[in-house]
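# Close look at the chain arrangement
Chain residues, written in single-letter form:
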Amino acid sequence: MCKIASNSASIVPDSEIRQEAARRSSHAYRPFFLAGILFMLLAGAGWGLLLVIKFAIARDYTEFSIHQLNAHGRAMISGFVNLFIIGFAYQAFSGLIAHPIATPRTRLATFVLLIVGIITSIIGQLLWPHRAAWSVTIIGDSIELLAVTAFAIQLVSAFFKGKTTLQPFLGFIFIATGFMVLQSLGALLLNTKTLAAESPMEIVYYVSIYQPPLRNIQFHGTALLMIIGVAHRLLPNFYDIPRASNRTTWLALAICTSSVIVEGVFFIMMRLTENPRFGAAIMLAWIGLLIGVLMIVGRWRVWRTMRDRNGRADRMQKFVRASIIWLGAAWILLVILPLWSRFVANT
């Protein structure tokens with residue numbers, strides 16, 4: 001049985017076991033990062049630019065089917081974000097939990113399954129309206145779900161084998177990994193409906209109800225929670241910035257997790273019942289996410305230069321500070337979105 005960290009903000013120090021686990025995972029990230037960069041440049045940025053240009057020329061957002069747009073989104077989310085997260089996890093998390101997450105062969109198998117699943121799913125969606133689109137896409141989605149689930153099992157199994165104290169940053173990582181599995185399952189289920197729809201209105205019906213919550217799980221549940229958990233663990237080691245206490249971090253995790261669940265569930269309820277009152281709960285969820293993130297990063301004072309323990313400031317801290325500032329700006333825009341929508345509707 002694992003031990004849960006107390007209210008102390010301390011982190012279990014590195015040991016010979018952790019160093020050995022990290023050494024055995026050396027360069028594990030490379031194939032995942034390289035593939036992720038290729039997806040980002042080719043299927044992500046390149047394809048996205050092509051879509052925008054064609055939209056501008058045609059001046060018609062119905063120029064492409066929703067399946068083509070979702071294929072582009074799949075390339076960015078699964079092909080870029082998930083590959084980077086899993087690659088980083090194989091590289092860095094073994095040292096954090098004092099046990100290798102997977103053997104080289106297991107990592108390779110997971111990588112191959114991910115690549116095959118993502119590419120097959122993208123091809124399947126691009127085949128629409130051919131009748132083979134449904135089968136090819138679902139096969140690809142199922143393979144990707146298998147790979148992501150295998151990674152999640154490897155991570156949890158390594159944690160118990162390493163007998164590491166359950167620190168709150170691991171809570172963020174485990175919850176984010178759970179959302180990663182959920183998003184893969186959700187994408188599979190949504191594709192079973194949209195690719196089998198018999199009319200454009202039926203496609204719009206499924207997409208309008210289930211795709212926004214799926215995107216929220218992908219961005220807020222998986223990416224955001226993973227980034228916050230890793231940043232909470234590593235950045236105070238690199239820079240002279242305070243780390244939130246374990247009690248504060250556990251509370252922040254509870255707020256963020258419940259907020260992700262609430263925004264997804266209540267959005268679906270709002271669309272199914274056409275009751276706008278459920279939108280108030282979504283607003284509260286967004287505010288909750290903002291509060292939860294601020295509980296971790298607010299004390300870092302990102303408007304000031306971050307310096308290491310020797311008082312030096314490197315170039316990396318500029319990127320860290322800029323990313324956190326942009327995160328805050330994005331969340332402010334998200335919170336005021338309903339007010340802006342009402343303003344636009346009245347003008």
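None of the values given here were measured: they were computed from a predicted structure.

With that settled, consider empty space enclosed by the protein. For the coordinates displayed, the defined rule picks out 2 cavities of 30 Å³ or more. Of the pockets and cavities examined, the largest cavity occupies roughly 110 Å³. N70, G73, R74, I77, Q125, A187, L190, N191, Q211, L214, R215 and Q218 together form the lining of the largest cavity. Taken together, the residues that form the lining of the largest cavity break down as 4 nonpolar, 6 polar and 2 charged.

Its boundaries defined by the atoms lining it, the largest pocket holds a volume of some 1,100 Å³. Lining the largest pocket we find 30 residues, and of these A223, I227, I228, A231 and S323 sit closest to its centre. Looking at the lining of the largest pocket, the elements that each hand over two or more residues are α3 (66-96), α7 (200-238) and α10 (316-335). Among the elements that line the lining of the largest pocket, the one with the most residues is α7, at 12 residues. Its residues assigned to classes, the lining of the largest pocket comprises 28 nonpolar, 2 polar and no charged.

In contact at an axis separation of 10 Å, helix α9 (residues 278-297) and α10 are set at 160 degrees when each is read in the N-to-C sense. Classified by the angle between their axes, α9 and α10 sit roughly antiparallel to one another. Once α9 is placed against α10, the crossing between them reads as left-handed. Contact residues: α9 offers M283, W286, I287, L289, L290, V293 and V297, while α10 offers I324, L327, W331, L334 and V335. Of the residues assigned to the contact of α9 with α10, the class counts are 12 nonpolar, no polar and no charged.

Taken together, the side chains of I37, L38, L41 and L42 present a nonpolar region at the surface, about 380 Å² in accessible area. Note that L41 resides in helix α2 (residues 30-58).

In the structure shown here, the tally under the stated rule is 11 aromatic pairs. Relative to Y90, the ring of F32 has its centre 5.5 Å away and its plane inclined at 50 degrees; by these criteria the two rings are tilted. You can see F32 sitting in helix α2 and its partner Y90 sitting in helix α3, a full 58 residues away along the chain. On the accessibility criterion, Y90 (1% relative accessible area) is buried. Three or more aromatic residues link up through ring pairs in this structure, and these residues are Y29, F33, F80 and F84. Lying over the aromatic face of F169, R233 brings its terminal NZ or CZ to 5.5 Å of the ring centre.

Moving on: unusual backbone geometry. Residue P129 is reached from W128 by a cis peptide bond, and omega for that bond is 15 degrees. Among the secondary structure elements, P129 is positioned in the loop between α4 (104-127) and α5 (132-162). Phi at E274 takes a positive value of approximately 55 degrees, unusual for a residue other than glycine. Residue position: E274 is located in the loop between α8 (246-273) and α9. Since its relative accessible area comes to 67%, E274 is described here as exposed.

Attention now moves to the confidence of the model for the protein chain. Scored by pLDDT, the protein chain comes out at a mean of 84, with 90% of its residues at no less than 70. Long-range and interchain partners of residues 8-22, a stretch whose pLDDT sits below 50, account for 30 contacts in this model, where long-range means more than four residues apart.

This next bit is on the pattern of salt bridges. The final tally for this structure, using the stated rule, is 2 salt bridges. R74 serves as the salt-bridge partner of D141, at 2.6 Å between the closest nitrogen and oxygen. On the criterion of sequence distance, the pair formed by D141 in helix α5 and R74 in helix α3 is long-range, its members being 67 residues apart. Note that E144 is salt-bridged to R74, the shortest N-O span being 2.8 Å.

Next up on the list: the nonpolar core. Counting residues in each nonpolar core, the largest one holds 73 residues, and the members touching the most others are F93 and W300. With residues up to four places along the chain from it excluded, the contact list for F93 reads F88, I101, L155, I173, M226 and V230.

A few words now on α10. The α-helix advances 3.6 residues per turn, and as a result positions three or four apart in sequence lie on the same side. Over its 20 residues, α10 runs 29 Å from end to end, which matches the ideal 28 Å to within 8%, given 1.5 Å per residue. Of all the residues in α10, the buried ones are Q317, V320, R321, I324, W331, L334 and V335. Around the axis of α10, the buried residues are gathered within 150 degrees of arc, so they sit on the same side. Facing away from the buried surface of α10 by more than 90 degrees, the exposed residues are K318, F319, W326 and L333.

Another aspect to go through is the packing of α7 against α8. The description of two packed helices rests on the angle between their axes and on the distance between the axes. Where α7 meets α8, the axes come as close as 9 Å, and the angle between the chain directions of the two elements is 175 degrees. Taken together, the axis directions place α7 and α8 in an arrangement best described as roughly antiparallel. In contact with Y205, S208, I209, Y210, P212, P213, N216, H220, G221, L225 and H232 of α7, α8 contributes T249, C256, T257, V260, E263, G264, F267, I268, R271 and L272. Each residue belonging to the contact of α7 with α8 can be placed in one class, and the counts come to 11 nonpolar, 8 polar and 2 charged.

What counts as what
- Residues numbered from 1 in each chain as written.
- Predicted model: local features only at pLDDT ≥ 70, side-chain atom pairs only at ≥ 80, totals over all residues.
- Heavy atoms only, no water.
- 1 Å grid on protein atoms, 1.4 Å probe; cavity = no way out; pocket = protein on both sides within 12 Å on 5 of 7 lines; lining within 4 Å.
- Points joined across faces, edges and corners; volume = space filled by probe spheres on them.
- Nonpolar A, V, L, I, M, F, W, Y, C, P; charged D, E, K, R; others polar.
- Helix = DSSP H or I, 4+ residues; strand = E, 2+ residues; numbered from the N terminus.
- Axes fitted to C-alpha atoms, helices over the stretch in contact; angles between N-to-C directions.
- Parallel < 35°, antiparallel > 145°, perpendicular 65-115°, else oblique.
- Left-handed = near helix turned anticlockwise from the far one by under 90°.
- Contact = heavy atoms within 4.5 Å.
- Patch = residues over 30% accessible without salt bridge, like charges linked within 9 Å, V, L, I, M, F, W, Y side chains within 5 Å.
- Areas by Shrake-Rupley, 256 points an atom, 1.4 Å probe, with all protein chains shown as cover.
- Salt bridge = Lys/Arg side-chain N within 4 Å of Asp/Glu carboxyl O.
- Phe/Tyr/Trp six-rings, centres within 6.5 Å; stacked < 30°, edge-to-face > 60°.
- Buried < 20%, exposed > 50% of the residue type's maximum accessible area, 1.4 Å probe, protein only.
- Lys NZ or Arg CZ within 6 Å of the ring centre and 35° of its normal.
- pLDDT = per-residue confidence, 0-100.
- Core = buried A, V, L, I, M, F, W, Y, C linked by side-chain atoms within 4.5 Å.
- Expected span 1.5 Å × (residues − 1).
- Arc of directions from axis to C-beta.

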